[in-house]
Amino acid sequence: MLRKITLLCATLLALHATAGADKNDEAPAESEPAAEAKPERLCIKDKKLEGVARHLAELQHIPPSPELIKAAREAGVDANPVYAKFGVTGEFDSFKVWLEDLNKTSDAPLICGRARSGERIVLVAAVRAGALSEAGRNYLHAEVIEDFRDPYLVVRDSTGSSRRIAVDGGEFGSTISVPVEWGRPLFVQLVATGPNGPRPVAERWVGKMPEGPTTRSGSQSPESWLMQLRRSAGARSLRSNRLLSQEATSHAQRVCNSGRLGHELDPNGDPEARLLKRGIEARVVGEAVARAATMREALHAIEDSPSHRMTVTDLRFTDAGYGKAEDEKGRTCAVILLASWPRKVP
């Protein structure tokens, strides 16, 4: 009997600066008069994101993507993923186009916040598919929007250990107890399945957010990166599988071509169904998908996400395939496809 493991997507999104060069690579903005109202129709205003936009507007440089995500979490923004665009006064049309493009490729409604500092304007947007909020001491409330289902939490404690917690509850969500003995700070992800498959829809820190840089694997090769990651988790190394790599590469290209980050981007369905289409059957199938400026950043996005890390370090896997593609903006789309004892079938 076939079994599927949780399929997850990670994204580490680069910020775009407008220095008067390529207009398509410009930055997000805040607006005011009539032209400013247009972008607002494409997203819902959010006060916490406005705070993030003000923080970014005051900076004298364009921060890397991890700093954007950190700033959002510090401001209490739990929505995932988070995007930012920089610009200057008079570029409202480019901000409108930017939001329209985000709406086309997002699987849930957008929330956004704007700010300005002198001539610089900043627009920050996030995809709101669910919410993860504090509900009293040692309690969290989790809920997802109508188009998402099968929610659960993944909680990483201060030792780096992660746990999966079921989320029960209907349209009003569910309140979950977070045991006090779990070492703080905790990094909590709410994962749910939407139109493009399962992904983390909300993230929150419980306890003080760690300061300083995150320690990560230094390898840029997906094979050696995964070997290091699994070794640190006490899991065995995986065989590199040519057939899995072919499907992983095809899906990476799918992600780049569509502009959408997900596992179910075509009629062939999820990774298990896509492998069966190629005549490959496995006891367990798993997949991690990421998009970032470079392969290293894409791998770091997977490594930093508790739910993704649980997937790629699962003890049951025996084989792995690695896929890479590049989109029109030069970003890397990476896919790690995993299977337990895959075999060819008629």
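Structure shown above.
Reading the values: rules and limits
Residues numbered from 1 in each chain as written. Predicted model: local features only at pLDDT ≥ 70, side-chain atom pairs only at ≥ 80, totals over all residues. Heavy atoms only, no water. Helix = DSSP H or I, 4+ residues; strand = E, 2+ residues; numbered from the N terminus. Buried < 20%, exposed > 50% of the residue type's maximum accessible area, 1.4 Å probe, protein only. Contact = heavy atoms within 4.5 Å. Areas by Shrake-Rupley, 256 points an atom, 1.4 Å probe, with all protein chains shown as cover. Axes fitted to C-alpha atoms, helices over the stretch in contact; angles between N-to-C directions. Parallel < 35°, antiparallel > 145°, perpendicular 65-115°, else oblique. Left-handed = near helix turned anticlockwise from the far one by under 90°. Nonpolar A, V, L, I, M, F, W, Y, C, P; charged D, E, K, R; others polar. Pairing = 2+ DSSP bridges.

Asker: How would you sum up the overall build of the protein? Please name residues and give values.
Answerer: Across its full length, the protein holds 9 helices and 19 strands. Burial status across the protein gives 54% buried among its 346 residues. Within the protein, contacts between residues at least 6 apart in sequence are counted, and of these 73% link residues at least 24 apart. Put simply, the protein shows about 15700 Å² of open surface, and 49% of that area lies on carbon and sulfur atoms.

Asker: Please give an account of unusual backbone geometry that cites residues and values.
Answerer: In this chain, asparagine 80 is followed by proline 81 through a cis amide linkage whose omega measures 0°. Relative to the helices and strands, proline 81 resides in the loop between helix H3 (65-74) and strand E4 (82-88). In this structure, proline 185 follows arginine 184 across a cis peptide bond, with omega equal to 0°. By the secondary structure assignment, proline 185 is in the loop between strand E11 (174-177) and strand E12 (186-194). Look at aspartate 150: it is not a glycine, yet its phi comes out positive at around 50°. When you line up the elements, aspartate 150 lands in strand E9 (residues 149-156). Look at aspartate 150 and you get exposed, because its relative accessible area is 51%. Of note, the phi angle at tryptophan 341 is positive, near 50°, even though the residue is not glycine. Exposure remark for tryptophan 341: the relative accessible area of 40% places this residue in the partly exposed category.

Asker: Please provide a residue-by-residue account of the packing of helix H5 (residues 222-232) against helix H8 (residues 295-304), values included.
Answerer: The contact between H5 and H8 brings their axes to 11 Å, and the two run at 25°. Our classification of the angle between H5 and H8 gives roughly parallel. Handedness of the H5/H8 crossing: right-handed. On H8, the residues touching Pro222, Trp225 and Leu229 of H5 are Met295, Leu299, Ile302 and Glu303. By residue class, the composition of the contact of H5 with H8 is 6 nonpolar, no polar and 1 charged.

Asker: Give a description of the sheet that holds strand E13 (residues 197-206) that names residues and reports values.
Answerer: If you trace the 4 strands from one edge of the open sheet to the other, you get E10-E9-E12-E13, paired in antiparallel fashion. Of all strands in the sheet, those bounded by a partner on one side alone are strand E10 (162-166) and E13. Strand after strand, the sheet turns through a mean of 25° between neighbouring axes, direction not considered. Sheet topology places E9 next to E10; 5 bridges connect them, and they run antiparallel. If you follow valine 155 over to E10, its bridge partner there is arginine 163.

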